[in-house]
Amino acid sequence: KMGTKNILPLLVEFSIPAIIGMLVNAIYNIVDRMFIGNAPELGAIGLAGISICYPVTLILMAISLMIGMGGATRTWFVYNRGKEVGVSFGKYMGNGLTLTIILGLVFMILGNVFLAPMLRLLGASKTVLPYAENYLSIILYGAVFQCIAMAGNNFSRAQGNPKNAMISQLIGAGFNILFDYILICIFHMGMQGAAFATIGGQFLSALWQLAFLFGKR
């Protein structure tokens with residue numbers, strides 16, 4: 001359908017799930033900060049800690065999108081010419097996912113080794129540093145999940161299935177919001193609770209994408 005369907009219906013079909021997914025991600029980021037800001041043991045210092053960590057997560061997101069978009073474009077190109085050139089599109093998708101996993105692991109190891117100096121470089125004060133460390137040290141262990149989920153979303157769209165990418169984002173965001181409440185408000189786990197809720201959502205999104213990309217669908 002990507003090569004035969006009219007442009008306008010395709011644009012609507014692909015853009016609406018993408019917009020919904022982006023809105024959900026924005027909402028759960030806001031909710032994340034609402035729980036942290038309203039927790040008596042965290043408050044403004046907790047918000048400062050999570051804000052200090054945000055550039056690191058943006059770099060990880062950029063890596064995932066770089067491989068996801070480039071790999072998905074190449075995958076789609078080969079998918080359409082597969083019979084002509086005799087190359088399986090799975091090769092490019094597999095290489096893309098493998099690369100995201102490797103870079104996610106490298107990011108996790110280097111990030112934890114240089115955690116404190118990196119946060120100080122980003123402007124963390126002595127007061128904020130422990131909060132930022134508690135959050136980012138856990139987030140980095142979920143780097144691989146975030147890479148797989150974000151790259152997988154692009155591969156899903158490249159196969160003409162934007163709804164699958166949207167569902168992946170909805171699952172991750174829903175888990176994050178629910179467990180933010182449970183871990184921060186009920187179990188009072190503070191910054192660590194927020195981090196565990198985040199990587200739990202990323203893990204479920206990654207699992208959903210892997211099940212789709214390696215399944216019969």
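In this numbering scheme, every chain counts its residues from 1 along its sequence in written order. With pLDDT at 70 or above as the cut-off, local features in this predicted model cover only qualifying residues; side-chain atom pairs require 80 or more to be listed or tallied, and sums for whole chains, interfaces and linings still use all residues. Water and hydrogen atoms were dropped before computing side-chain values, which therefore reflect all heavy atoms in the structure.

The backbone of His188 sits at a positive phi, close to 50°, despite the residue not being glycine. Helical segments are the DSSP runs of H or I of at least four residues, strand segments are the runs of E of at least two, and each set is numbered from the N terminus. Along the chain, His188 turns up in the loop between α7 (162-186) and α8 (190-213). Judged by its relative accessible area of 53%, His188 is exposed. Three exposure classes are used, based on accessible area relative to the maximum for each residue type with a 1.4 Å probe and protein chains only: buried under 20%, partly exposed in between, and exposed over 50%.

Here, a salt bridge means any side-chain nitrogen of Lys or Arg that lies within 4 Å of a carboxyl oxygen of Asp or Glu. If you walk through the whole model with that rule in mind, you get one salt bridge. Lys5 is paired through a salt bridge with Glu13; the nearest N and O atoms lie 3.0 Å apart. Glu13 sits in the partly exposed class, given a relative accessible area of 22%.

What follows concerns the packing of helix α6 (residues 143-158) against α8. When two helices pack together, their arrangement is given by the angle between the helix axes and by the axis-to-axis distance. Between the N-to-C directions of two axes lies an angle of 0 to 180 degrees, each axis being a line fitted to C-alpha atoms and, for a helix, fitted only over the stretch in contact. The N-to-C vectors of α6 and α8 enclose an angle of 40°; their axes lie 8 Å apart at closest approach. As far as their axial angle goes, α8 and α6 are oblique. Relative to α8, α6 is oriented so that their crossing is left-handed. Note on element contacts: α8 touches α6 through Ile199, Gln202, Phe203, Ser205, Ala206, Gln209, Leu210, Phe212 and Leu213, opposite Phe145, Gln146, Ile148, Ala149, Gly152, Asn153, Phe155 and Ser156. Each residue belonging to the contact of α6 with α8 can be placed in one class, and the counts come to ten nonpolar, seven polar and no charged. What sets the label is the angle itself: under 35 degrees gives roughly parallel, over 145 gives roughly antiparallel, 65 to 115 gives roughly perpendicular, and the rest give oblique. For any pair of crossing helices, the crossing counts as left-handed if the nearer helix is rotated counterclockwise from the farther one by less than a right angle, and right-handed if it is rotated clockwise. Contacts between residues were defined by any pair of non-hydrogen atoms, one from each residue, lying within 4.5 Å. Side-chain classes are defined by residue name, with Ala, Val, Leu, Ile, Met, Phe, Trp, Tyr, Cys and Pro counting as nonpolar, Asp, Glu, Lys and Arg as charged, and the others, Gly among them, as polar.

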